[in-house]
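Coordinate analysis (summary)
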Amino acid sequence: MKNTLSSLWQTLFGHPVSAFGSVSLLLLISLAIAPAKNYFSEWRHYQKQYLALVRSRGEAVTLQRHFHDGIQQIWLPGLGVVDRCTTCHAGLKEASLADANLPQPFRRHPVIPHTLDQFGCVMCHRGQGPATTVEQAHSSTEAWEQPTLPARYVQSSCGQCHRSPLTGTPQLNLGRNLLGRYGCVHCHTIKLPDGSAIKPTDDPPSLEHIADKTTREWIYAWLKDPQAYAVTATMPNFKLSDPDARDISAFLIASSTPIAGDTAPASPASKDQKAPDPAAGASLYGESFCASCHAVQNAAGNVVGGDVGPELTRIGNKVKPEWLRAWLRNPRVYDSGTAMPHYRFTDPQLSLLTAFLGNKTDSDLLANVHLDAATPEQIAHGKLLVTEYGCASCHEVSGIKKPDNFAPELTRIGSKPLTQIIFLPGMTHAIPDYIAAKIRQPRSFGAALKMPQFNLAPAQIDALTTALLALTDRAHDLPLALTVPAKPPSNYEPAGKAGQLMADMACFTCHAINGRGGDMAPDLTWEGSSVQRQWLQAFLKNPGTLRPALIRRMPRFNLSDDDAKELTDYIMTVYQAPAFDRDSMPLSGYPPAQVEQGKQLFYSKYACQGCHIIDTKVDKGYIGPTLTQVGSRLNAAWIYHWLKEPQTMRPGTIEPNRNMNDEDARALTAFLMTQKGSSKQEAKK
């Protein structure tokens, strides 16, 4: 071998001429490496495949003319983005390549509000923009930790710029909603780029007076498994041992203080008074539309009802009868900020509802709960556990201060370095996988961890993961000009006695006014321009059905005549639209010819009967409100402007904008204003 190498050396470098030739050949080979590597590069392979694909299509000439070979780059200095994705994804802009059967990376990108030149690809899909190989661009490497997002989480990127809900991002919207609804931000701080923090939207009850409300046995059963009491409960399961649940329940009862307030006795029962009729109680429950806010599990196991208030399936196991009666009489005595309205029930009605709800029990729930009297040691241990588990992050607890920074801050969790994460064996080393696993089963990362087990569906886990992936460094570092800030929350508060009545009836739970409130019922910001005074006052006394297809209804609050008048005067005076005068058009006296023209427009040109009912024997429209008495309910000026531009009058309404001309709008208004209802219906009002 030594002789062979020596002979080869002599041949190549033994003579100056041969040495010069050998060195020249080596130099030529080294110089050829770069162009050869470029020629056989991965991105050029994809470009060749793309050209071969488009040459077989009918629009080949156009597609080839649009194609640019070589490395393509989008540079967005304002965003700090260098993006070479279009080097391989050559057909992203081609409308004719939208066929879902086409292979990637040659398929057209789905239509979105932004263009490639505005944001490139990595703003939404992440990954490494400057890379020119699939592995470096799409995957996590030693030098680059952020791979492309899995498709099911791509909506998270919209959340980097958009702080408010978007129509096209339902999963992101749901995730953000769940962060507040499930109380995640009670423990985890999430700061927004504007310096504010996400606020919880749940309403955990105060535990300062818990002994007035329930028993130690129920607390124990609840702590062991909240979903065993109510399948819709949002409180997570802390997986407490029997002794720990026993001691926490002992401390909560021991620390509870009596509440001063509703001590009004019930009317004395006569000797001959019968027990409350269950059927009458059920009827009152239905007439009060309690199901609009509260759910109940039926015999088939389905949960039926709203989710504004707690589930009532086993309420009789939970609350004491005397507490329930006091709560129904006036919930604000126990909780001044509750979303539950004050119904002003009479004593007989209170007895009916208390008995009806008290009978909603489950004999198995507390059957095996037997607790001895608590010892001082158990109470002290319970207090320690309440502190360690951060119970005061959500609930007010006597003797316990609300903790600060109880759990890790999640402000930039979407950009958390992988070096700071301990992954489970076999888990993909990527932020989405870590976040989803942490939500799905928190204590799989360590039995000593305090984060409890939530009862979440797979779709909810994906939604929460999406919302958390939107919390990135880029979201906080974006130029303000490129962000779409959320609308600041309204702190509107109605004034005077009417304002007190609206607070007492919890109007903002269902209605929005001037940007504050719920979306269960119509926005009342311009209600004074919309309705007629006489109708409104009668409606407040006895709310009727406007939309037959809706299950939810406005309950009857048993208002006095003076209270109904006070509210009517306030609404008619304060809540007026600035764009028009509500009295600018008459309530009656329209020419018969104009009324007949409006009728023809209603039933023919605009086919309004598809959504609304005027003739109850013929019309089948159950989508919108019934219009049989619209002439006695709404103002003519409101109807006219609504027909012209419904979205302007009430943003978000499903009423279509038909670009109606003035003549048609006036004729339709004239026809609708003649719909006063029958005399029998008027008498009912």
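Being a predicted model, the structure only gives us computed values, none of them experimental.

Regarding its fold elements, the protein presents 32 helices and six strands. A globule of 685 residues ought to have a C-alpha radius of gyration of about 26 Å, yet the protein, at 34 Å, is considerably larger. In terms of principal-axis extent, the alpha carbons of the protein reach across some 130 × 85 × 45 Å. Within the protein, the fraction of its 685 residues that count as buried is 41%. Sequence-distant contacts in the protein: of pairs separated by 6 or more residues, those separated by 24 or more amount to 62%. Carbon and sulfur atoms make up 57% of the accessible area of the protein, which amounts to about 37200 Å² in all.

In the predicted model, the protein carries a mean pLDDT of 90, and the fraction of residues at 70 or more is 95%. For residues 679-685, every residue scores under 50 in pLDDT, and the model assigns this stretch 10 contacts once sequence neighbours within four places are set aside.

What follows deals with the pattern of salt bridges. Tallied over the full model, the rule gives 19 salt bridges. For the salt bridge of D362 with R314, the shortest nitrogen-to-oxygen distance reads 3.0 Å. On the criterion of sequence distance, the pair formed by D362 in the loop between α17 (347-358) and α18 (376-388) and R314 in the loop between β4 (303-305) and α15 (315-318) is long-range, its members being 48 residues apart. The shortest N-O distance in the salt bridge between R412 and D473 comes to 3.0 Å.

Now for the packing of aromatic side chains. Per the counting criterion, the structure on display carries 23 aromatic pairs. Consider the rings of Y492 and F508, whose centres lie 6.3 Å apart with planes at 70°: the pair is edge-to-face. Here the residue Y492 occupies a position in the loop between α21 (473-477) and α22 (496-504), and F508 occupies one in helix α23 (residues 507-510), the gap between them amounting to 16 residues. One exposure class covers both Y492 and F508, and it is buried. Seen from their ring centres, F602 and Y603 are 5.0 Å apart, and the 70° between their planes marks the pair as edge-to-face. By relative accessible area, which is 1% here, F602 ends up buried.

Let's shift gears to unusual backbone geometry. Cis geometry marks the peptide bond from Q104 to P105, where omega comes out at 15°. Residue placement: P105 occurs in the loop between β2 (81-83) and α5 (116-119). Of note, the phi angle at R126 is positive, near 60°, even though the residue is not glycine. Inspection of the secondary structure assignment puts R126 in the loop between α6 (122-125) and α7 (134-138). Given the relative accessible area of 5%, R126 is considered buried. With a phi close to 50°, N659 is a non-glycine residue in the positive phi region.

Before going further, it helps to examine the environment of Q460. Counting through the fold element by element, Q460 comes out in helix α20 (residues 458-469). For the pair Q460 and Q171, spaced 289 residues apart in sequence, the C-alpha separation works out to 8.5 Å. If we ignore the near neighbours within four places in the chain, the residues touching Q460 are L178, Y182 and N455. In this structure the side chain of Q460 is engaged in a polar contact, spanning 2.9 Å, whose partner is the backbone nitrogen of A457.

As a packed pair, helix α13 (residues 242-255) and α18 sit with axes 7 Å apart at the nearest point and diverge in direction by 95°. Comparing the axis directions of α13 and α18 gives the class roughly perpendicular. Side by side, α13 and α18 meet where D244, R246, D247, I248, A250, F251 and A254 of the first sit next to Q378, I379, H381, G382, K383, L385 and V386 of the second.

Relative to the 18 Å expected for 13 residues at 1.5 Å per residue, α18 spans 18 Å between its end C-alpha atoms, a close match to the ideal helical length. Of all the residues in α18, the buried ones are Q378, G382, L385 and V386. The buried residues of α18 occupy an angular sector of 100° when projected down its axis, which confines them to one face. α18 presents P376 and E377 as exposed residues on the side facing more than 90 degrees away from its buried surface. Residues of α18 that are buried in the fold lie against α11 (216-224) and α13.

Checked against the element boundaries, P591 lands in the loop between α26 (561-574) and α27 (592-605). For P591, a relative accessible area of 44% translates into the label partly exposed. Along the chain, P591 and D504 lie 87 residues apart, while their C-alpha atoms are 45 Å from each other.

Between its first and last C-alpha, helix α8 (residues 170-181) extends 16 Å over 12 residues, near the 16 Å set by a 1.5 Å rise per residue. Residues L172, G175, L178, L179 and G180 constitute the buried set of α8. If you follow the buried residues of α8, they end up packed against α9 (184-187) and α20. Backbone geometry just downstream of α8 places G183 in the positive-phi region, at approximately 70°.

Turning our eyes to something else, we now look at the environment of G382. Relative to the elements of secondary structure, G382 occurs in helix α18. By relative accessible area, which is 0% here, G382 ends up buried. Measuring from C-alpha to C-alpha, the distance between G382 and N635 comes to 61 Å, with 253 residues separating the pair along the chain. What G382 contacts, discounting residues up to four positions off in sequence, is D247, I248 and F251.

Disulfide: a covalent bond connecting the sulfur atoms of a pair of cysteines. Scanning the entire structure with this criterion turns up zero disulfides. Free of any disulfide, C507 has its nearest neighbouring cysteine sulfur in C510, separated by 8.5 Å.

Viewed as axis vectors pointing N to C, helix α16 (residues 321-329) and α17 meet at an angle of 130°, and their least axial separation amounts to 9 Å. Overall, the two elements α16 and α17 adopt an arrangement that is oblique. As for how α16 packs across α17, the hand of that crossing is right-handed. Every residue of α17 that contacts α16 at P321, L324, R325, L328 and R329 is listed here: D347, L350, S351, L353, T354, L357 and G358. Tallied by class, residues from the contact of α16 with α17 come to six nonpolar, three polar and three charged.

Rules used throughout
Residues numbered from 1 in each chain as written. Predicted model: local features only at pLDDT ≥ 70, side-chain atom pairs only at ≥ 80, totals over all residues. Heavy atoms only, no water. Helix = DSSP H or I, 4+ residues; strand = E, 2+ residues; numbered from the N terminus. Rg over C-alpha atoms; globule rule 2.2 N^0.38 Å. Buried < 20%, exposed > 50% of the residue type's maximum accessible area, 1.4 Å probe, protein only. Contact = heavy atoms within 4.5 Å. Areas by Shrake-Rupley, 256 points an atom, 1.4 Å probe, with all protein chains shown as cover. pLDDT = per-residue confidence, 0-100. Salt bridge = Lys/Arg side-chain N within 4 Å of Asp/Glu carboxyl O. Phe/Tyr/Trp six-rings, centres within 6.5 Å; stacked < 30°, edge-to-face > 60°. Polar contact = N/O pair within 3.5 Å; in protein donor to acceptor, adjacent residues only side chain to side chain. Axes fitted to C-alpha atoms, helices over the stretch in contact; angles between N-to-C directions. Parallel < 35°, antiparallel > 145°, perpendicular 65-115°, else oblique. Expected span 1.5 Å × (residues − 1). Arc of directions from axis to C-beta. Disulfide = S-S within 2.5 Å. Left-handed = near helix turned anticlockwise from the far one by under 90°. Nonpolar A, V, L, I, M, F, W, Y, C, P; charged D, E, K, R; others polar.

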